[in-house]
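Chain and residue survey
One letter stands for each residue in the lines below.
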Amino acid sequence: MADSITIQGLAQVGALLKELPQIVREKIAAKGVYNGADVTRREVEARAPFRTGLLRSKIRVARRRKGVAEDLITYVVYVQGIRPSSGKKAKRKRGAAGTANAALLPYYWYFLEFGTSKMSAKPFMVQAFTSSVQEAGDEVRDYSREHAEAEIAKRARALGALM
């Protein structure tokens, strides 16, 4: 597993973002980080064991705000049905007919990833993360740079129209 990640060009992107108002900066950065997390989600889906397709269909990306410093933008890739913050099973919702849809939650992903006393582990999430971390970082950098430059150009045009 990689101990450090080096992404070239982040300092330039940071300098571009500092020229923008904070609300615009946060919007661009949040979308960039989401796109990076989505790269990892797609890699997890591709590596997930496939039998019925349920596990692959329940892999999600969500923003995590609770328990994170204010200046950090954090997204998690998780399997729906297990709350990312606690690791506990999510509450089961009842369907229209009043039947529980608990059978539609792929709780077994944990057994596949880490194994049990009777089954060896077949990890797919950790491998997907380690293989996609550089690509995800590049996606964050590219998206942020492209949209920061576009926003700066838009604001420059607006200032030029005022003068």
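Residues numbered from 1 in each chain as written. Predicted model: local features only at pLDDT ≥ 70, side-chain atom pairs only at ≥ 80, totals over all residues. Heavy atoms only, no water.

Below, the discussion takes up the overall build of the protein chain. For the protein chain, the helix and strand inventory stands at 5 helices and 2 strands. When its helices and strands are written in sequence order, the protein chain yields α-α-α-β-β-α-α. Among the 163 residues that make up the protein chain, the fraction classed as buried is 30%. Across the protein chain, contacts joining residues at least 24 apart in sequence account for 57% of those joining residues at least 6 apart. Counting every atom, the protein chain has about 11,300 Å² of accessible surface; 54% of that belongs to carbon and sulfur. (Helix = DSSP H or I, 4+ residues; strand = E, 2+ residues; numbered from the N terminus. Buried < 20%, exposed > 50% of the residue type's maximum accessible area, 1.4 Å probe, protein only. Contact = heavy atoms within 4.5 Å. Areas by Shrake-Rupley, 256 points an atom, 1.4 Å probe, with all protein chains shown as cover.)

Our next topic: a nonpolar patch on the surface. Taken together, Tyr107, Tyr110, Phe111 and Phe114 make up a surface patch of nonpolar side chains, about 450 Å² in accessible area. Residue position: Tyr107 is located in the loop between strand E2 (74-79) and helix H4 (109-114). (Patch = residues over 30% accessible without salt bridge, like charges linked within 9 Å, V, L, I, M, F, W, Y side chains within 5 Å. Salt bridge = Lys/Arg side-chain N within 4 Å of Asp/Glu carboxyl O.)

Another point: the nonpolar core. It is characteristic of soluble globular proteins that their nonpolar side chains tend to be buried jointly. Grouped together as the largest cluster of nonpolar side chains are 10 residues: Val44, Ala48, Leu55, Ile59, Val79, Trp109, Leu112, Phe124, Met125 and Ala128. Listing elements by their share of this core, those giving two or more residues are H4 and helix H5 (125-162). Not counting chain neighbours up to four residues away, the residues in contact with Ala128 comprise Glu43, Val44 and Arg47. (Core = buried A, V, L, I, M, F, W, Y, C linked by side-chain atoms within 4.5 Å.)

The subject of this paragraph is the pattern of salt bridges. Within this structure, the stated rule accounts for 7 salt bridges. The residue Arg41 makes a salt bridge to Glu45 at a minimum N-O spacing of 2.7 Å. Linking Arg41 with Glu45, this pair stays in helix H2 (residues 22-47), spanning 4 residues, or about one helical turn. Glu45 sits in the partly exposed class, given a relative accessible area of 23%. Where Arg47 meets Glu43, a salt bridge forms, and the shortest distance between an N and an O atom there is 2.7 Å. Residue Arg47 and its partner Glu43 are located together in helix H2, separated by 4 residues, close to a single helical turn. Judged by relative accessible area, which is 23%, Glu43 ranks as partly exposed.

Time to look at the packing of aromatic side chains. Counted by the stated rule, this structure contains 6 aromatic pairs. Seen in terms of ring centroids, Tyr34 and Tyr75 are 5.5 Å apart; in terms of plane orientation they differ by 70°. Their pairing is edge-to-face. Of this pair, Tyr34 sits in helix H2 while Tyr75 sits in strand E2, and the two are 41 residues apart along the sequence. Through pairs of rings, three or more aromatic residues link up here, namely Tyr107, Tyr108 and Phe111. (Phe/Tyr/Trp six-rings, centres within 6.5 Å; stacked < 30°, edge-to-face > 60°.)

The next thing to look at is the environment of Met119. Within the secondary structure, Met119 sits in the loop between H4 and H5. Note on Met119: relative accessible area 27%, which makes it partly exposed. Among residues more than four places away in sequence, those in contact with Met119 are Phe111 and Leu112.

Right, let's get into the confidence of the model for the protein chain. Per-chain confidence: the protein chain averages 79 in pLDDT, with 74% of residues scoring 70 or above. Here residues 96-100 scores under 50 on pLDDT; set against residues more than four positions off or in separate chains, the count is 4 contacts. (pLDDT = per-residue confidence, 0-100.)

Right, let's get into the side chain of Glu113. By the secondary structure assignment, Glu113 is in helix H4. No salt bridge is formed by the buried Glu113; the nearest opposite charge belongs to Arg47, separated by 9.8 Å. A polar side-chain atom of Glu113 sits 2.8 Å from the main-chain amide nitrogen of Phe124. Polar contacts involving the side chain of Glu113 include one to the main-chain amide nitrogen of Val126, which spans 3.2 Å. (Lys, Arg positive; Asp, Glu negative; His and termini not counted. Polar contact = N/O pair within 3.5 Å; in protein donor to acceptor, adjacent residues only side chain to side chain.)

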